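# Chain and residue survey
Here is how the chains run, residue by residue.
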Amino acid sequence: MKQKVEAEKLQNGAELLIKCLEKQGVEMIFGYPGGSVLPLYDALYDGAIPNILTRHEQGAVHAAEGYAKATGKPGVVLVTSGPGATNVVTGIADAMIDSVPLVVITGQVTTPGIGKDAFQEADMLGITVPITKNNYQVRDIKELPRIINEAFHIATTGRMGPVLIDLPKDMTVLTANPKIDDPVHLESYQPTVTPSILQVERLMNLLQEAEKPLILAGGGIVAAGGEKELRKFVEKYQIPTVCTLLGLGLLPHDDPNFLGMGGMHGTYAANIAMMETDCLINIGSRFDDRLACSPADFGPDAKVVHIDVDPVEIGKIIPVDIPIVGDAKVALNQMLSIEIEPPECEEWRLLCKKRQTAHPFQYQKTANVIKPQAVIELIGQITEGKARVVTDVGQHQMWTAQFYPFTFPKQLITSGGLGTMGFGIPAGVGVKLAKPKEPVVVFVGDGGFQMTNQELAILNQYNLDIKFILLNNQSLGMVRQWQETFFNERRSQSVFEEQPNFMKMAEAYGIAGKKITDPESLEAQLQEAFAEPGPILIEVMICNREHVLPMIPAGMPNDQMLGVD
């Protein structure tokens, strides 16, 4: 009898995995089945966690990123071995550089076949070492729950990021009865959450004496959920503030202290402020090369404070006077708890605002062609600035960052550090699944659209009311812009001589479609399209010579901006 009871408690690896995922509170899996993960999909058949069947593994991982970026919860991906696994590599790299929490489970050949070039074998541990926070290969079924729990812990703590679990097929059918709720304790992984209060006091003393203080707010504040603390701190001390691309929405677009986005396509006021500040407080930004375009020339007179949960980032690009390691929200609360005399910087603040008023984002309006900036401005008005906005990568991404009126964090979902074309459509799917009651708008170019448009196939299946704005300039716009600016207008392989009929593609996928070519009726047609129930593809034929301006040429100081009057 005892042996029978013990046998009844045994579970195979697939069942164990599903139970562990349920314990982690996983709401959905983004995945694509195949031979090595058939036992897992068989277990999912009776499980409580739905699998979102994307049409490509790259779509699965970008959808998981969209879900994670919109919620702060880890996105979960499940794909088969070999090509199924290698197809998620781009999304993993994208998540790593943008600090997106993912748990990616890849099937693998059976353990006896590993290293023997078995059918659909790929060395996912070797491939993903540089682009994951950690990766595992399950070699003992009893270790599976521990590995799952550690993976979720690592993905969602410290500087968040992707963790990969490589799961040989035999590990899904072998049976065991391990505990699934043992607490995670990793001696070698203890990220610092609470900064040194002494360093924070140094920061506040420096701020008190500053004449030209500036806050640089990055995606680290978004990840930490520190927007309320940031807004309170900025208002308390009336400090001009610049946001990175991934920090947009931390301050409302109309906040009196917000100078706009900084960097290559940022505002004149933001970039000049970063060059002239004497006290730069960077909270949760990496100082990447699209922000600090010439590190040697960046903020030459500034005392630099850098707050980051990842100590590796501090001092990596810009020398730092006060390094502070810790969670952005915790750091901001510490800063708010220390009372100082506000810095005497009213003259500086007024100067920054004067520059912002004198040099706003602008474009030349014409009656002959549709300007993409006008499209985005109108959609901002139609959605009242309340939509979750997803972009692909290219000119439309920068125009969206410039002209959509962002008001809250996690509102802009985009590929930052890796700049991944094809991100937009599947990420929009993930965002809508995460936030089904909120309006979701996806801006995509005609280049990126043709990389992952197959994910439109699942919109009706899951009843996803997403408005897709295809800004069609019949080219790889950003590539073309660089060729026109720096390569004597030699448009080498950046113009599409032939394109599919995108409206027929919408019809093929069973969604509504609307093509807009007339500048005079643009607003009326957009209003009509957005009133359409359900998903719709809105193709807008835009000017094919428009550039994203202003622009800092690569490697030039932030005050050397093209396109500023």
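Residues numbered from 1 in each chain as written. Predicted model: local features only at pLDDT ≥ 70, side-chain atom pairs only at ≥ 80, totals over all residues. Heavy atoms only, no water.

Turning next to helix α16 (residues 395–403). It helps to recall that an α-helix has 3.6 residues per turn; residues three or four apart then point in one direction. Counting buried positions over the nine residues of α16 gives nine, a clear majority of the element. Turning to α16, its buried residues number three or more, namely Gln395, His396, Gln397, Met398, Trp399, Thr400, Ala401, Gln402 and Phe403. Those residues of α16 hidden inside the fold are in contact with β11 (258–261), α15 (372–382), β15 (388–391), β17 (440–445), β18 (466–472) and α19 (477–486). (Buried < 20%, exposed > 50% of the residue type's maximum accessible area, 1.4 Å probe, protein only. Helix = DSSP H or I, 4+ residues; strand = E, 2+ residues; numbered from the N terminus. Contact = heavy atoms within 4.5 Å.)

Our next topic: the pattern of salt bridges. One pass over the full model with this rule turns up 21 salt bridges. One salt bridge connects Arg146 with Glu143, and the closest N-O pair in it is separated by 2.5 Å. Overall, the relative accessible area of 38% leaves Arg146 in the partly exposed class. By relative accessible area, Glu143 is classed as partly exposed at 30%. Between Glu313 and Arg159 there is a salt bridge, with the nearest N and O atoms lying 2.7 Å from each other. In this pair, Glu313 sits in the loop between β13 (303–308) and β14 (322–325) while Arg159 sits in the loop between α8 (144–156) and β7 (162–168), placing the two residues 154 residues apart along the sequence. For Glu313, a relative accessible area of 6% puts it in the buried group. Under the relative-accessibility criterion, Arg159 is labelled buried at 19%. Through salt bridges with shared partners, a single ionic network connects Arg480, Glu484, Glu489, Arg491 and Arg545. (Salt bridge = Lys/Arg side-chain N within 4 Å of Asp/Glu carboxyl O.)

Along the chain, Leu549 connects to Pro550 via a cis peptide bond; the corresponding omega equals 0 degrees. Tracing the backbone shows Pro550 in the segment after β20 (536–541). Phi at Gln474 is positive, roughly 55 degrees, even though this residue is not glycine. Tracing the backbone through its elements, the reader meets Gln474 in the loop between β18 and α19. Since its relative accessible area comes to 36%, Gln474 is described here as partly exposed.

A few words now on the UniProt feature "domain: Thiamine pyrophosphate enzyme TPP-binding" (unreviewed entry) in the chain. As annotated by UniProt and renumbered to match this structure, "domain: Thiamine pyrophosphate enzyme TPP-binding" (unreviewed entry) occupies residues 392–540. Along residues 392–540 the backbone is 36% helical and 17% strand, and the end-to-end C-alpha distance reaches 15 Å. (UniProt positions renumbered as here; feature names shortened; annotations may be inferred.)

Time to look at the sheet that holds strand β19 (residues 512–516). In space, the six strands of this open sheet follow the order β16-β15-β17-β18-β20-β19, with parallel pairing throughout. Of all strands in the sheet, those with a lone pairing partner are β16 (412–413) and β19, marking the two edges. Relative to β16, β15 runs parallel, the two being bridged by two bridges. Note that in β16 the partner of Val389 across the bridge is Leu412. (Pairing = 2+ DSSP bridges.)

Where helix α4 (residues 57–71) contacts helix α17 (residues 424–434), the axes come no closer than 6 Å and their chain directions differ by 45 degrees. Classified by the angle between their axes, α4 and α17 sit oblique to one another. Note on packing geometry: the crossing formed by α4 with α17 is right-handed. Counting all contacts with α4, which are made through Gly59, His62, Ala63, Gly66, Tyr67, Ala70 and Thr71, the residues of α17 involved are Pro426, Ala427, Gly430, Val431 and Ala434. Classifying every residue of the contact of α4 with α17 by side-chain character gives seven nonpolar, five polar and no charged. (Axes fitted to C-alpha atoms, helices over the stretch in contact; angles between N-to-C directions. Parallel < 35°, antiparallel > 145°, perpendicular 65-115°, else oblique. Left-handed = near helix turned anticlockwise from the far one by under 90°. Nonpolar A, V, L, I, M, F, W, Y, C, P; charged D, E, K, R; others polar.)

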